[in-house]
Amino acid sequence: MNVWTNCRRIKVTANELVEELILRARRGQIIISVKETIAAVRRDGPHLAESDCELVELIVDLAPTFGMFVAFDLRE
């Protein structure tokens, strides 16, 4: 997520990043990967202190709001 104000990047929350990643899911996709979403949050939000468990909770809470199922693929 690239949010710029006055040429400075605004730090986004984990909730905002997870929501953005769900919204960016490929058209027609109905499953969101926990593994891929956590990796993307870590890449795009290195300042975030949330644990993987907290991120999984966010994904599980937000995905159904957007009509998505959750793939619990962390161990793959």
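Residues numbered from 1 in each chain as written. Predicted model: local features only at pLDDT ≥ 70, side-chain atom pairs only at ≥ 80, totals over all residues. Heavy atoms only, no water.

## Let's talk about the pattern of salt bridges
Piece 1. Counting across every chain of the model gives 4 salt bridges.
Piece 2. The shortest N-O distance in the salt bridge between Arg 42 and Asp 52 comes to 2.7 Å. Of this pair, Arg 42 sits in helix H2 (residues 34-44) while Asp 52 sits in helix H3 (residues 52-62), and the two are 10 residues apart along the sequence.
Piece 3. We classify Arg 42 as partly exposed; its relative accessible area is 32%. (Salt bridge = Lys/Arg side-chain N within 4 Å of Asp/Glu carboxyl O. Helix = DSSP H or I, 4+ residues; strand = E, 2+ residues; numbered from the N terminus. Buried < 20%, exposed > 50% of the residue type's maximum accessible area, 1.4 Å probe, protein only.)

## Comments concerning H3
Piece 1. Along H3, the residues that are buried comprise Leu 55, Val 56, Leu 58, Ile 59 and Leu 62. Looking straight down H3, one finds its buried side chains confined to an arc of 160 degrees; they lie on one side. Residues of H3 that are exposed and angled more than 90 degrees away from the buried face: Cys 53 and Glu 57.
Piece 2. The inward-facing, buried residues of H3 contact helix H1 (14-23), strand E3 (31-33), H2 and strand E4 (69-71). (Arc of directions from axis to C-beta. Contact = heavy atoms within 4.5 Å.)

## Some points on the confidence of the model for the protein
Piece 1. Averaged over all residues, the pLDDT of the protein is 86; the fraction at 70 or higher stands at 86%.
Piece 2. Mean pLDDT across the elements of the protein ranges from a minimum in strand E1 (residues 4-5), with 44, to a maximum in H3, with 96.
Piece 3. Within the model, the stretch residues 4-8 combines pLDDT values under 50 with 3 contacts to residues more than four positions away or in other chains. (pLDDT = per-residue confidence, 0-100.)

## Some points on the side chain of Ser 33
Piece 1. Structurally, Ser 33 can be placed in strand E3.
Piece 2. In terms of polar contacts, Ser 33 uses its side chain to reach the backbone amide nitrogen of Lys 35, at 3.3 Å.
Piece 3. At 2.6 Å, the side chain of Ser 33 and the side chain of Asp 73 are in polar contact.
Piece 4. In this view, Ser 33 contacts Ala 71 and Asp 73; residues no more than four positions away in its chain are not counted. (Polar contact = N/O pair within 3.5 Å; in protein donor to acceptor, adjacent residues only side chain to side chain.)

## Observations concerning the nonpolar core
Side chains of nonpolar character tend, in soluble globular proteins, to be buried together.
Piece 1. In this structure, Val 18, Ile 22, Ile 32, Ile 38, Val 41, Leu 55 and Ile 59 are the most contacted members of the largest nonpolar core, which totals 19 residues.
Piece 2. Broken down by secondary-structure element, the contributors of at least two residues to this core are H1, H2 and H3.
Piece 3. If near-sequence neighbours (up to four positions away) are discounted, Ile 38 is found in contact with Asp 52, Leu 55, Val 56, Ile 59 and Leu 74. (Core = buried A, V, L, I, M, F, W, Y, C linked by side-chain atoms within 4.5 Å.)

## As for the environment of Cys 53
Piece 1. Here Cys 53 lies in helix H3.
Piece 2. Given a relative accessible area of 63%, Cys 53 falls into the exposed group.
Piece 3. Through-space distance from the C-alpha of Cys 53 to that of Ile 38 is 9.8 Å; in sequence the pair is 15 residues apart.

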